[in-house]
2 protein chains.
Amino acid sequence: MTVSKAAALDAAKVSRPLRKAADDTAIDLGELSELLGYSLKRAQLKIFEDFLRCVAPLQLTPAQFSVLLLLERNPGRNQTEVANTLGILRPNFVAMLDGLESRDLCARMRSANDRRSHVLVLTDKGRAVLSRAKKLVAAKHESRLNELIGPANRAALLAMLSKIANEF
Amino acid sequence: MTVSKAAALDAAKVSRPLRKAADDTAIDLGELSELLGYSLKRAQLKIFEDFLRCVAPLQLTPAQFSVLLLLERNPGRNQTEVANTLGILRPNFVAMLDGLESRDLCARMRSANDRRSHVLVLTDKGRAVLSRAKKLVAAKHESRLNELIGPANRAALLAMLSKIANEF
C-alpha cells in the first residue's frame, strides 16, 4: 500500500473533527453530482423502493410487474423474446418465471410448432393480480411522481430517457 | 394452474404466426413504455454499459469509480458514511473495498479516535487511476451523452433526477 505520508497524516489529523461532524455534515458529492449515471441510479433506486412499498400487498417487484404486463399484452411469445425485451439475463429470467409460476401467476407451455421452446401466458390469477397491481401503481406510485415533477416535466423526462435507452 | 381455456387456445393458435414473426416483430411494450421506473432502469443500464466500455482499460465499475471520487473529495471519512452516501449495502461495500484494496487503489485505516471504526483514503495509485478514469469518462462517455441530448436537456434531466432522488 502506498498512501503518501502527507495523505495519511491528513487523514489521521482530520479524523477527529470529521468523525465528530459525521452526524451533521453530509459527505461532499463533488463531481459525482454532475454525473448522469450516478443521478440516474439514485433516482431509479428511489422509484423502485417506492414501487415496492406501493405494491407490497401483492408482493411484486418492478421486474415481475413488467413481465406480467408484457405477457398480458403479448400472449404466446417465447421466453427468450420476453427476457431480451426486458434486458434480463436468461438464468435470472428462468428463476423469476419459476417464482411467478409457483405462485400460479403465469404458465410456461410448450410451443405448438417448436417443442424445444416455451411460450408464456398469464394465468387467470396472474391477470387478476396484475389488474390490482396496475390500480395500486396508478393511484399511489405514478400519481405521487406526477405531483412531484409535474406532467409536462414527466413527459420530457420520459422522452429523454427513451432517447438514451434507444440511441446511446 | 388455471389458464382459462380461451387464453390457452389463443396462445396455441397464435404461437405459429408469432413464432414466425419473432424475428421481425418487436414485442409491444404497451403501458410499460409509460412507466418512469422502467425507462429509468433501461437508460441507466445503457449508461452503465457504456461507462464500462469507456473505462475498460482501467477495469473500474461505475460504483468503484464513485467510491474513488468520494474518497478523493472526502479523505478520512468512515466506511459507513461512504456506503450510506452511495446507497450501497454494507456487505456489498465491504466486498468492494476488499477488491479496491487488493488492487492497491484505496486503504482502510483504523480511526485515531475510534479504534473500532475504519477511515478510508485513496492510495497514490488510486489517485493516479482515478485521474485517468476521469479523463476517459469526460472524453468518451460524458461527451457522447452531451452530444446525444444536448447540454440544456442534460441540465434539465439532472435537475429532475436529483429532485426524484432527494424528494420522492
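Residues numbered from 1 in each chain as written. Chains lettered and ligands numbered in written order. Predicted model: local features only at pLDDT ≥ 70, side-chain atom pairs only at ≥ 80, totals over all residues. Heavy atoms only, no water.

Engineer: Can you lay out the overall build of chain A for me, pointing to particular residues and giving the numbers?
Structural biologist: The helix and strand inventory of chain A stands at seven helices and two strands. The N-to-C order of helical and strand elements in chain A reads α-α-α-α-α-β-β-α-α. Looking at chain A as a whole, 47% of its 168 residues are labelled buried. Summing over all exposed atoms, chain A offers an accessible surface of approximately 8300 Å²; the carbon and sulfur share of this is 55%. (Helix = DSSP H or I, 4+ residues; strand = E, 2+ residues; numbered from the N terminus. Buried < 20%, exposed > 50% of the residue type's maximum accessible area, 1.4 Å probe, protein only. Areas by Shrake-Rupley, 256 points an atom, 1.4 Å probe, with all protein chains shown as cover.)

Engineer: Go over the relation of the copies chain A and chain B, please, and point to the residues and values.
Structural biologist: For the match of chain A to chain B, the screw axis carries a shift of 0.0 Å, the RMSD comes to 0.0 Å, and the turn is 180 degrees. Expressed as an axis order, the relation between the two copies is that of a two-fold axis. The overlap is high: 100% of the interface residues of chain A also sit at the interface in chain B, so the same surface is used on both sides. (Least-squares fit on C-alpha atoms with pLDDT ≥ 70 in both. Contact = heavy atoms within 4.5 Å.)

Engineer: Describe the pairing of strand 2 (residues 118–122) of chain A, naming the residues involved and giving the relevant values.
Structural biologist: A regular strand places its side chains on the two faces of the sheet in alternate fashion. All names here are of chain A. Most of strand 2 is tucked away, with four of its five residues classed as buried. Summarising the sheet, strand 1 (residues 106–110) and strand 2 pair through five bridges and their orientation is antiparallel. Within strand 2, the position partnered with Arg110 by the bridge is His118. (Pairing = 2+ DSSP bridges.)

Engineer: Report on the pattern of salt bridges, specifying residues and quantitative values.
Structural biologist: In the structure shown here, the tally under the stated rule is 20 salt bridges over all chains. For the salt bridge of Lys134(B) with Glu31(A), the shortest nitrogen-to-oxygen distance reads 3.2 Å. Here Lys134(B) is found in helix 6 (residues 124–149), whereas its partner Glu31(A) is found in the loop between helix 1 (5–21) and helix 2 (36–54) on a different chain. The partly exposed category is assigned to Lys134(B), whose relative accessible area is 24%. (Salt bridge = Lys/Arg side-chain N within 4 Å of Asp/Glu carboxyl O.)

Engineer: Can you break down the confidence of the model for chain A residue by residue, with the values?
Structural biologist: Residue and element names in this part refer to chain A. For chain A, per-residue confidence averages 87 on the pLDDT scale, and 86% of positions sit at 70 or higher. Long-range and interchain partners of residues 9–23, a stretch whose pLDDT sits below 50, account for 17 contacts in this model, where long-range means more than four residues apart. For this predicted complex, the interface score ipTM comes out at 0.80, alongside a pTM of 0.80. (pLDDT = per-residue confidence, 0-100.)

Engineer: Tell me about the interface of chain A and chain B, and please be specific about residues and values.
Structural biologist: Every contact between the two is made by 89 residues of chain A and, on the other side, 90 residues of chain B. Overall, the association of chain A and chain B removes approximately 8200 Å² of surface from exposure, summing both partners, and the carbon and sulfur fraction of that is 66%. Among the residues chain A hides against chain B, the three largest losses belong to Ile27(A), Leu36(A) and Phe168(A). Together they make up 11% of the total. Across the contact surface, chain A and chain B share four salt bridges. Looking at the side of chain A that touches chain B, the elements that each hand over two or more residues are helix 1, helix 2, helix 3 (62–73), helix 4 (79–86), strand 1, strand 2, helix 6 (124–149) and helix 7 (151–167) of chain A. Sort the elements by how many residues they give to the side of chain A that touches chain B and helix 2 of chain A lands first, with 13 residues. Split by residue class, the side of chain A that touches chain B holds 43 nonpolar, 22 polar and 24 charged. (Buried area = accessible area lost by both parts, 1.4 Å probe. Nonpolar A, V, L, I, M, F, W, Y, C, P; charged D, E, K, R; others polar.)

Engineer: Give me the lowdown on the packing of helix 6 of chain A against helix 7 (residues 151–167) of chain B, citing residues and values where you can.
Structural biologist: One can describe the packing of helix 6 of chain A onto helix 7 of chain B by two numbers: an axis separation of 11 Å at closest approach and a directional angle of 125 degrees. One way to sum up the angle between helix 6 of chain A and helix 7 of chain B is to call them oblique. The handedness of the crossing between helix 6 of chain A and helix 7 of chain B is right-handed. When helix 6 of chain A is examined against helix 7 of chain B, the residues Leu145(A), Leu148(A) and Ile149(A) are found in contact with a partner set consisting of Lys163(B), Ile164(B) and Glu167(B). Of the residues in the contact of helix 6 of chain A with helix 7 of chain B, the class split is four nonpolar, no polar and two charged. (Axes fitted to C-alpha atoms, helices over the stretch in contact; angles between N-to-C directions. Parallel < 35°, antiparallel > 145°, perpendicular 65-115°, else oblique. Left-handed = near helix turned anticlockwise from the far one by under 90°.)

Engineer: Break down the packing of helix 3 of chain A against helix 5 (residues 90–102) of chain A for me, with residues and values.
Structural biologist: Residues and elements named next belong to chain A. For the pair helix 3 and helix 5, interaxial distance at closest approach is 11 Å and the crossing angle is 80 degrees. The pairing of helix 3 with helix 5 is recorded here as roughly perpendicular in orientation. Contact with helix 3, carried on its side by Ala63, Gln64, Val67 and Leu68, involves Phe93, Met96, Leu97 and Leu100 of helix 5 and no other residues of that element. Here the residues of the contact of helix 3 with helix 5 sort into seven nonpolar, one polar and no charged.

Engineer: Outline the packing of aromatic side chains, supporting the account with residue identities and numerical values.
Structural biologist: Residues and elements named next belong to chain A. Inspection of every chain in the model, using the stated rule, returns two aromatic pairs over all chains. For the ring pair Phe51 and Phe65, a centre distance of 5.3 Å and an interplane angle of 55 degrees mean the geometry is tilted. Of the two residues, Phe51 sits in helix 2 while Phe65 sits in helix 3, which places them 14 residues apart along the sequence. Grouping residues by exposure puts Phe51 and Phe65 together as buried. (Phe/Tyr/Trp six-rings, centres within 6.5 Å; stacked < 30°, edge-to-face > 60°.)

Engineer: Give a description of the environment of Ala159(B) that names residues and reports values.
Structural biologist: Following the sequence through the fold, Ala159(B) ends up in helix 7. For the pair Ala159(B) and Leu40(B), spaced 119 residues apart in sequence, the C-alpha to C-alpha distance is 14 Å.

Engineer: Now, about helix 7 of chain A: what can you tell me, with residues and values included?
Structural biologist: An α-helix turns once every 3.6 residues. As a result, residues three or four positions apart point the same way. Relative to the 24 Å expected for 17 residues at 1.5 Å per residue, helix 7 of chain A spans 24 Å between its end C-alpha atoms, a close match to the ideal helical length. Listed as buried for helix 7 of chain A are Arg154(A), Leu157(A), Leu158(A), Met160(A), Leu161(A), Ile164(A) and Ala165(A). Buried residues along helix 7 of chain A sit against helix 2 and helix 6 of chain A together with helix 2 (36–54), helix 6 and helix 7 of chain B. (Expected span 1.5 Å × (residues − 1).)

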